[in-house]
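The residues making up each chain are set out below.
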Amino acid sequence: MSPLLYLLVGLIGGALIVAVVVLLTRHGNQGAATEVAKRLETIDRSLRDEFSRNREEAGAAAKNQREELTKSLENVRSVVDLRLGQLQQDNAKQIDTMRATVDEKLQGTLEKRLGESFKLVSDRLEQVHKGLGAMQQLASDVGGLQKVLANVKTRGVFGEVQLAALLEQVMAPEQYERNVATRPGSRTMRSLN
């Protein structure tokens with residue numbers, strides 16, 4: 001029972017006792033009043049005992065409910081802790097899996113790009129090497145030509161040979177002469193061979 005109900009029953013019981021005592025004292029019946037007073041005291045004592053027992057029972061019931069509530073809260077807490085631990089483990093596994101996937105893709109992309117860059121650099125170096133080889137060949141050819149053309153007499157002979165070759169290609173042999181004196185009466189002659 002609730003404490004409010006006990007209070008209400010106590011007030012009604014006390015009012016009843018007071019009413020009976022008042023009625024008996026008015027009628028002037030002292031012996032009956034004494035007996036009624038004793039009975040009322042007995043009833044009052046029994047009511048007080050009943051109230052005391054009810055309070056003890058209510059306290060014990062409340063204590064039991066608190067203990068049950070504490071136990072159920074502890075059970076809920078242990079279940080929540082267990083599930084939270086499982087979630088943390090699952091999250092850690094998923095993060096590790098994601099990290100491994102990202103590392104793998106990053107490594108693959110890095111290797112691919114580095115390979116492409118090294119191939120491009122290698123191709124460019126090969127082109128530069130070929131160009132350098134061609135320039136070295138050209139430089140040696142120019143050096144050889146310089147050696148040939150360095151001497152004035154050699155250049156003249158070379159020019160005469162080229163001129164003779166051109167004349168043979170353009171003109172018939174009757175149209176030109178070889179080794180003609182350029183000044184009449186001098187011994188200086190030019191050779192077109």
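Report on the accompanying structure. (Residues numbered from 1 in each chain as written. Predicted model: local features only at pLDDT ≥ 70, side-chain atom pairs only at ≥ 80, totals over all residues. Heavy atoms only, no water.)

Some remarks on the pattern of salt bridges
Heads up, the condition is: Counted as salt bridges are all cases of a side-chain nitrogen of Lys or Arg within 4 Å of a carboxyl oxygen of Asp or Glu. Helix and strand definitions here come from DSSP, where helices need a minimum of 4 consecutive H or I residues and strands a minimum of 2 consecutive E residues; each element is numbered from the N-terminal end.
A complete count under the given rule lists four salt bridges for this structure. Residues E50 and R53 are paired through a salt bridge, measuring 3.4 Å at the closest nitrogen-oxygen approach. Here R53 and E50 lie together in helix α2 (residues 30-150), a separation of three residues that amounts to about one turn. Between K130 and E126 there is a salt bridge, with the nearest N and O atoms lying 3.6 Å from each other. Remark: E126 and K130 occur in helix α2; sequence separation between them is four residues, near one turn of the helix.

So, a nonpolar patch on the surface
Worth spelling out the cut-off: Residues form patches when they are more than 30% accessible in relative terms and have no salt bridge. Like charges link within 9 Å. Nonpolar side chains (Val, Leu, Ile, Met, Phe, Trp, Tyr) link within 5 Å. Note that accessible areas follow from Shrake-Rupley with a 1.4 Å probe, and for residues the cover is restricted to the protein chains shown.
On the surface, L5, L8, V9, I12 and L16 cluster together into a nonpolar patch covering about 440 Å² of accessible area. With respect to the helices and strands, I12 occurs in helix α1 (residues 3-27).

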